[in-house]
Amino acid sequence: MVAERGQNGERLVILTGAGMSADSGVPTFRAADGLWEGHRVEDIATPEAFVRDPALVHAFYDARRAYLDAVAPNAGHLALARLEREWPGDFLLVTQNVDDLHERAGSTRLIHMHGELKRGWCLACDDRFAWSGTMGEGALCPSCATCDEVRPDIVWFGEMPYQMDRIDEALRGCDLFVSIGTSGAVYPAAGFVQTARYVGAHCLELNLDPSQGSIFFDETRLGRASELVPAWVEKLLA
């Protein structure tokens, strides 16, 4: 089985979602009723929300950014970093998560398709930069010194995820696609498995529950990411 071989030259693309970080204690934020910490998505995660009530949006993301100091990478994050180091072929890790747990575990060949909590974006000069601590209203851009024009460098609903051309190219050239901890409900990430399947890649899902796109995977393994991922990586590299 391709999912357990790890032969030289195989091209691997991995997608991680909220279930990857949930095992580190990072809240998934969206509840079963679709609310994020009691807020409608339209009130907290859209460009229009930021224009309408920047204080509310900043408060939400400032709290999420501060929470990162209380969590650490889990065994799944560490296993993926090890896989990157030891994998003999092409490797790309794409995450929907906006936390920094993959980096803290040691991952480097990584795309944050939905942006990063610890980065800011100045709407005045269009520069993006590292950011720690609170942002809030009145944040000063370190590049152009403009005030009140800095927002979290997060992809909100209605905006295009980052580096989609690079991701699509990797998917169309991969031999193995692995989805970890994703619901399969949010596009375009939910469609990655269909792209990989179309080019003949073996598609494996590691998830707490079957995703909405489980039918497209060759195999689904159920359990916690912190347990499934290390076991799979160990077999893959054996």
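Residues numbered from 1 in each chain as written. Predicted model: local features only at pLDDT ≥ 70, side-chain atom pairs only at ≥ 80, totals over all residues. Heavy atoms only, no water.

Trainee: I would appreciate a short explanation of helix 7 (residues 164-172) in the present structure.
Mentor: An α-helix turns once every 3.6 residues. As a result, residues three or four positions apart point the same way. Here helix 7 has its buried residues at Met 164, Ile 167 and Leu 171. The buried residues of helix 7 all sit within an arc of 60° when viewed along its axis, so they share a single face. Relative to its buried face, helix 7 has exposed residues pointing more than 90 degrees away, namely Asp 165 and Glu 169. Where helix 7 is buried, its residues touch strand 1 (12-16), strand 2 (91-95), strand 3 (110-112), strand 7 (176-180) and helix 8 (192-198). (Buried < 20%, exposed > 50% of the residue type's maximum accessible area, 1.4 Å probe, protein only. Helix = DSSP H or I, 4+ residues; strand = E, 2+ residues; numbered from the N terminus. Arc of directions from axis to C-beta. Contact = heavy atoms within 4.5 Å.)

Trainee: Would you explain the UniProt feature "binding site: substrate" (unreviewed entry) in the protein in this entry?
Mentor: Taking the numbering used here, the UniProt-annotated feature "binding site: substrate" (unreviewed entry) corresponds to Tyr 61 and Arg 64. Tracing the backbone through its elements, the reader meets Tyr 61 in helix 4 (residues 54-67). With respect to the helices and strands, Arg 64 occurs in helix 4. Its relative accessible area of 14% is what places Arg 64 among the buried residues. (UniProt positions renumbered as here; feature names shortened; annotations may be inferred.)

Trainee: Quick question: what am I supposed to make of the sheet that holds strand 4 (residues 115-122) here?
Mentor: Note: strands within a sheet are paired through backbone hydrogen bonds, in either parallel or antiparallel orientation. Overall, antiparallel pairing links the 3 strands, which are arranged 5-4-6 in an open sheet. Strand pairing shows two members of the sheet lacking a second neighbour, strand 5 (128-130) and strand 6 (150-154), which therefore form its edges. Averaged over all adjacent pairs, the angle separating strand axes in this sheet is 45°, with direction ignored. As paired strands, strand 4 and strand 6 are joined by 4 bridges and run antiparallel to one another. Opposite Cys 122, over in strand 6, you have Val 150 as the bridge partner. Across the sheet, helix 4 touches strand 4 and strand 6, and the angle it forms with strand 6 is around 55°. (Pairing = 2+ DSSP bridges. Axes fitted to C-alpha atoms, helices over the stretch in contact; angles between N-to-C directions.)

Trainee: Sorry if this is basic, but what is going on with the packing of aromatic side chains here?
Mentor: One pair of aromatic rings is described through two measures. These are the centre distance and the angle between the planes. All chains considered together, the criterion is met by 5 aromatic pairs. On the basis of an interplanar angle of 85° and a centroid distance of 5.0 Å, the ring pair of Phe 60 and Tyr 61 is categorised as edge-to-face. Assigned by exposure class, Phe 60 and Tyr 61 land together as buried. Centroid distance Phe 177 to Phe 217: 6.3 Å. Interplanar angle 20°. Geometry classified as stacked. With Phe 177 in strand 7 and Phe 217 in the loop between strand 8 (202-207) and strand 9 (219-222), the pair connects residues that are 40 residues apart, well separated along the chain. For Phe 177, a relative accessible area of 1% gives the class buried. We classify Phe 217 as buried; its relative accessible area is 10%. What links up through ring pairs into an aromatic cluster is the set Phe 50, Phe 60, Tyr 61 and Trp 156. (Phe/Tyr/Trp six-rings, centres within 6.5 Å; stacked < 30°, edge-to-face > 60°.)

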